[in-house]
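Listed below, chain by chain, are the residues.
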Amino acid sequence: MEIRREHGVLEWERNSGRTYEMRNIDVEPAYWRQGIGRSLMQEFEAIVRSAGGLSIYGFTAGDNDRAQAFYRAIGYALILIPGLYGIGLDGYLFHKAIA
């Protein structure tokens, strides 16, 4: 599923039970730091909450400092997973309880 707004899109799916995965968020670079990503995530969280979901998770590359800072700023916990994207390519699981 997706949430599409001018200059940004968020793709997600419902997994087993009441857990949702945020698969991708993409905001046009010219519009970074204007609240579009935050707004997309807030809308996604509202969808999950209204559907009775309990948590959201996703993954980001270990070298994507901008994404890591974004998820932390909006209340997500990040857990380092060494080798998530292959040998020497670490990643992070990000997670937030919604209920």
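As a starting point, this report considers the structure included with it. (Residues numbered from 1 in each chain as written. Predicted model: local features only at pLDDT ≥ 70, side-chain atom pairs only at ≥ 80, totals over all residues. Heavy atoms only, no water.)

Check the secondary structure of the chain and you find two helices and six strands. Helices (α) and strands (β) of the chain occur, in sequence order from the N terminus, as β-β-β-α-β-α-β-β. Scaling as 2.2 N^0.38, a compact globule of 99 residues should have a C-alpha radius of gyration of about 13 Å, and the chain matches this with 13 Å. Oriented by its inertia axes, the alpha-carbon framework of the chain measures out at about 40 × 35 × 20 Å. Burial analysis of the chain (99 residues in total) assigns 36% to the buried set. (Helix = DSSP H or I, 4+ residues; strand = E, 2+ residues; numbered from the N terminus. Rg over C-alpha atoms; globule rule 2.2 N^0.38 Å. Buried < 20%, exposed > 50% of the residue type's maximum accessible area, 1.4 Å probe, protein only.)

Residues Glu6, Glu11, Asp26 and Glu28 make up a contiguous surface patch of negative charge. Along the chain, Glu11 falls in strand S2 (residues 8-14). (Patch = residues over 30% accessible without salt bridge, like charges linked within 9 Å, V, L, I, M, F, W, Y side chains within 5 Å. Areas by Shrake-Rupley, 256 points an atom, 1.4 Å probe, with all protein chains shown as cover. Salt bridge = Lys/Arg side-chain N within 4 Å of Asp/Glu carboxyl O. Lys, Arg positive; Asp, Glu negative; His and termini not counted. Charge placed at Lys NZ, Arg CZ, Asp CG, Glu CD.)

For S2 and strand S3 (residues 19-27), the ladder comprises seven bridges, and the chain directions are antiparallel. Paired with Glu13 across the strands is Glu21, a residue of S3. Remark: four residues form the turn of the hairpin made by S2 and S3, two consecutive strands paired antiparallel; Gly17 in that turn has positive phi of roughly 65°. Here S3 runs beside strand S4 (residues 55-61); their pairing, made up of three bridges, is parallel. Note on S4: the bridge partner recorded for Glu21 is Tyr57. Crossover handedness for the path S3 to helix H1 (residues 36-50) to S4: right-handed. (Pairing = 2+ DSSP bridges. Right-handed = clockwise from strand over helix to strand, strands pointing away.)

Turning next to the packing of aromatic side chains. This model, assessed by the stated rule, comprises seven aromatic pairs. On the basis of an interplanar angle of 40° and a centroid distance of 5.4 Å, the ring pair of Trp12 and Phe44 is categorised as tilted. Taken together, the positions of Trp12 in strand S2 and Phe44 in helix H1 put the pair 32 residues apart, joining distant regions of the chain. The residues Trp12 and Phe44 share a single accessibility class, namely buried. Ring centres of Phe70 and Tyr71 lie 5.3 Å apart, and the angle between their planes is 65°; on these two criteria the pair is classed as edge-to-face. Residue Phe70 is classed as partly exposed on the basis of its relative accessible area of 22%. Feature note: the residues Phe70, Tyr71, Tyr76 and Phe94 constitute an aromatic cluster, connected by ring pairs. Above the ring of Trp32, the side-chain terminus of Arg66 is found at 3.7 Å from the ring centroid. (Phe/Tyr/Trp six-rings, centres within 6.5 Å; stacked < 30°, edge-to-face > 60°. Lys NZ or Arg CZ within 6 Å of the ring centre and 35° of its normal.)

A few words now on the environment of Trp12. Overall, the relative accessible area of 9% leaves Trp12 in the buried class. As for Trp12 and Tyr76, which are separated by 64 residues in sequence, their C-alpha atoms are 16 Å apart.

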